Amino acid sequence: MILEETPNIEHPNVRKLKQIAPGRIFIASDIHGHWRECLEILERQDFHEWRDALIIAGDGVDRGPESKKVIGAFAIAQYIMGNHEFNQMLYPHGQMTNWPGTEWFQDLPEGVKRSLASLYEQLPLAIELELLDGRKVGICHTFSNTFRTWKAYKDATNHLGTMYHELLFDRLRLATQNREVIPDISYIICGHTSVSEPYSLGNVNFIDTGSGKGGRVTILEVDNLDKRYVRPGMPTYIYEGK
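What this report covers is the structure whose coordinates are included nearby. (Residues numbered from 1 in each chain as written. Predicted model: local features only at pLDDT ≥ 70, side-chain atom pairs only at ≥ 80, totals over all residues. Heavy atoms only, no water.)

**Focus on the sheet that holds strand β3 (residues 25–28)**
The condition is simple: A pair of strands counts as paired when DSSP detects no fewer than two bridges linking them. Secondary structure follows DSSP: runs of H or I at least 4 residues long count as helices, runs of E at least 2 residues long count as strands, and numbering of each begins at the N terminus.
Ordered in space as β5-β4-β3-β11-β12, the five strands form an open sheet in which the pairing is mixed. Edge strands, defined here as strands with exactly one partner in the open sheet, are β5 (78–79) and β12 (224–229).

**A look at the layout of surface pockets**
Put simply, the test is: Definitions used throughout: a 1 Å grid over protein atoms alone; a cavity as a set of points that fits a 1.4 Å probe which cannot get out; a pocket as an open set with protein on both sides within 12 Å along at least five of seven lines; a lining residue as one with an atom within 4 Å of a point. Grid points are joined across faces, edges and corners, and a volume is the space filled by probe spheres set on the points. Gly is placed with the polar residues, together with every amino acid not listed as nonpolar (Ala, Val, Leu, Ile, Met, Phe, Trp, Tyr, Cys and Pro) or charged (Asp, Glu, Lys and Arg).
Counted as a void, the largest pocket has a volume near 200 Å³. Looking at the largest pocket, it is lined by 13 residues, and the ones nearest its centre are Met1, Ala53, Ile76, Ala77 and Gln78. Residues belonging to the lining of the largest pocket are distributed by class as follows: ten nonpolar, one polar and two charged.

**With respect to the sheet that holds strand β2 (residues 14–19)**
In plain terms, the rule: Every angle, taken between N-to-C directions, lies between 0 and 180 degrees, and every axis is a line fitted to C-alpha atoms, over only the stretch in contact when it is a helix.
Read from one edge to the other, the open sheet built from seven strands follows the order β1-β2-β6-β7-β8-β10-β9, with strand pairing classed as mixed. A single partner strand is all that each edge strand has here, and the edge strands are β1 (3–6) and β9 (199–201). With strand direction ignored, the average angle separating the axes of adjacent strands in the sheet is 25°. Relative to β2, β1 is paired through four bridges, and the arrangement is antiparallel. What sits directly across from glutamate 5, in β2, is leucine 17.

**Concerning the nonpolar core**
This is how the line gets drawn: Joining through side-chain atoms within 4.5 Å is the link that ties buried Ala, Val, Leu, Ile, Met, Phe, Trp, Tyr and Cys residues into a set, and such a set is a nonpolar core. Any residue under 20% of the maximum accessible area for its type is buried, any over 50% is exposed, and the rest in between are partly exposed; the area is computed with a 1.4 Å probe on protein chains only. Working rule for contacts: check all heavy atoms of both residues, and any pair within 4.5 Å makes them a contact.
Membership of the largest hydrophobic core comes to 55 residues, with the highest contact counts inside it found for Phe143, Trp150, Tyr153 and Leu167. Beyond its immediate chain neighbours, meaning those up to four positions away, tryptophan 150 contacts Ala126, Ile127, Glu128, Gly138, Ile139, Cys140, Phe143, Ile182, Asp184, Ile185 and Ile188. Membership of the second largest hydrophobic core comes to 20 residues, among which are Ile27, Ile80, Leu131 and Ile207.

**Regarding the pattern of salt bridges**
Note the following rule: For this analysis, a salt bridge means a side-chain nitrogen from Lys or Arg found within 4 Å of a carboxyl oxygen belonging to Asp or Glu.
According to the stated counting rule, one finds 13 salt bridges in the structure shown. Close ionic contact of arginine 15 with glutamate 5 constitutes a salt bridge, the shortest N to O distance being 3.9 Å. With arginine 15 in strand β2 and glutamate 5 in strand β1, this residue pair connects regions lying ten residues apart in the sequence. As a salt-bridge pair, glutamate 66 and arginine 36 come within 3.4 Å of each other at their nearest N and O atoms. Residue glutamate 66 is located in the loop between β4 (53–56) and α2 (67–70), and its partner arginine 36 is located in helix α1 (residues 35–44); the two are separated by 30 residues in the primary sequence. By relative accessible area, which is 12% here, glutamate 66 ends up buried. What emerges from the salt-bridge pattern is a single network uniting Arg24, Asp46, Arg51 and Asp52.

**Looking at the environment of alanine 57**
Tracing the sequence through the fold places alanine 57 in the loop between β4 and α2. Using a relative accessible area of 0% as the deciding quantity, one classes alanine 57 as buried. For the pair alanine 57 and isoleucine 27, spaced 30 residues apart in sequence, the C-alpha separation works out to 7.3 Å. In contact with alanine 57, not counting residues within four places along its chain, are Ala28, Ser29, Ile80, Ile139, Cys140 and His141.

As structure tokens, this is what we get:
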């Protein structure tokens, strides 16, 4: 294992990880049930759990054909909450929205749905990762214009009940092309809003390439985001927002 977790008493919904050995740290976001595609990309890169790591920045489930298999990623990946996991977490409270693509969840036995909701509830909202070279990387599902610092984002994670929109649903940073640099973190990686190719605004990097919308899964290496991997022949999502 190349990542070590340290306690985070001040922000318990942010998982603090430190890289303690050489190895590659791969990241994907918004896989949306395309687990086989993800695994094929990792296999092409000769991924091994004991010497590499995988982070999924939320929305592993819904829309695609293999949402049930994505749950298995909990065993091999550092997995954070996205808005789709958050939605299903609300099921026991009668507040889940039956979005298109959630049919797989709706068809599960009652006990399994409740168990999954409980599992989602244990997911962190973000990861703060210290690389071997000392750089600190913030990883979350989305990063709202509301937050001018990484510290402000972390503080908000203590208030999911009132800040869930800013933490999990907001798309305005990309929509407004906000290039403000977040000063207290080396860079941020997030997903949620689909783009044709991984895209940066300031030091905030968007990596959801639309696998849940007819596009493809893109997997990157956290320490060098220019290293990007896709399954050959997969279509490119057409993003027209920039």
